[in-house]
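A look at the structure
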Amino acid sequence: MLNKEQIKEIIPQREPFLMIDEVEEYKPGESAIAYKEVKEEEWYFKGHFPGNPIMPGVLIAESLAQTGAVAILSLEENKGKNALFGGIDKMKFKKMVVPGDKLKLEVKIIKKKGPIGVGEAIATVEDKIVAKGELTFAVVE
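Okay, so let's go over this structure. Quick caveat: nothing in here was measured; it's all calculated off a predicted structure.

Remarks on the nonpolar core
Grouped together as the largest cluster of nonpolar side chains are 39 residues, with contacts concentrated most on Ile11, Ile20, Met55, Leu64 and Leu103. For this core, the secondary structure elements donating two or more residues are β2 (31-37), α2 (57-73), β3 (82-93), β4 (102-113), β5 (116-125) and β6 (128-140). No other element matches α2, which puts nine residues into this core.

Describing the sheet that holds β2
Judged by pairing direction, the sheet is antiparallel, and its six strands sit side by side in the order β1-β2-β4-β5-β6-β3 without closing on themselves. Since the sheet does not close on itself, it has two edges, and those belong to β1 (22-27) and β3, each with one partner. This sheet shows a mean twist of 20° between the axes of neighbouring strands, independent of strand direction. In this sheet, β6 lies alongside β3 in antiparallel orientation, the contact comprising nine bridges. Of the residues in β6, the one forming a bridge with Asn82 is Val140.

Describing the environment of Glu134
Mapped onto the secondary structure, Glu134 falls in strand β6. With relative accessibility at 18%, the residue Glu134 sits in the buried group. Along the sequence, Glu134 and Ala65 sit 69 residues apart, while their C-alpha atoms lie 9.6 Å from each other. Glu134 has contacts with Gly87, Ile88, Asp89, Lys90, Ile110, Val118 and Gly119, leaving out every residue within four places of it along the chain.

What about α2?
Across its 17 residues, α2 extends 24 Å between first and last C-alpha, which sits within 8% of the 24 Å expected from 1.5 Å per residue. With 14 of 17 residues buried, α2 is to be regarded as a mostly interior element.

Looking at the pattern of salt bridges
Going through the model one piece at a time under the given rule, you end up with 10 salt bridges. With its nearest N and O atoms 3.3 Å apart, the salt bridge here joins Glu5 to Lys8. Remark: Lys8 and Glu5 occur in helix α1 (residues 4-8); sequence separation between them is three residues, near one turn of the helix. Judged by its relative accessible area of 16%, Lys8 is buried. Each member of the salt-bridge network shares a partner with another, and the members are Lys4, Glu5, Lys8, Glu15 and Asp21.

As for the pairing of β6
The sheet contact formed by β5 and β6 spans 10 bridges and is antiparallel. By the bridge assignment, Ile116 is partnered in β6 with Ala138. Turn length for the β5-β6 hairpin, with the two strands adjacent in sequence and antiparallel, is two residues, and the turn residue Glu126 shows positive phi of about 50°.

Regarding the side chain of Thr124
Assignment of secondary structure puts Thr124 in strand β5. In contact with Thr124, other than residues within four places in its own chain, are Lys102, Leu103, Lys104, Ile129 and Val130.

Parameters and conventions
Residues numbered from 1 in each chain as written. Predicted model: local features only at pLDDT ≥ 70, side-chain atom pairs only at ≥ 80, totals over all residues. Heavy atoms only, no water. Core = buried A, V, L, I, M, F, W, Y, C linked by side-chain atoms within 4.5 Å. Buried < 20%, exposed > 50% of the residue type's maximum accessible area, 1.4 Å probe, protein only. Helix = DSSP H or I, 4+ residues; strand = E, 2+ residues; numbered from the N terminus. Pairing = 2+ DSSP bridges. Axes fitted to C-alpha atoms, helices over the stretch in contact; angles between N-to-C directions. Contact = heavy atoms within 4.5 Å. Expected span 1.5 Å × (residues − 1). Salt bridge = Lys/Arg side-chain N within 4 Å of Asp/Glu carboxyl O.

If you want it as structure tokens, here you go:
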């Protein structure tokens, strides 16, 4: 299990944009499973939406991307680098994520060629899929 400080040793994101709280397990270059406790005081709920807080889909995708980044940037040859979005494909949002939810984020690296790769990403709350798709990334200096 990795806590936030240990996650920060692998990926460059920082508060308020660090979107994962802990990593349950990871296999460098292969996969990662992380969690995000969705709290009522999250910065984005002030405007999305007042009186009806819903986690924006793009931030669910970002949480998944950061989870995938833990997998790819934990490889020895990628230490100190960054993983940037190259694309989001087949992403479907199936359920709202609201304060009090615990988001489980799972990413499996399914393709890799040089610095470019694709991760299969699934986000769930209480074993129900809330988002699923593929994230393309590029590892850069």
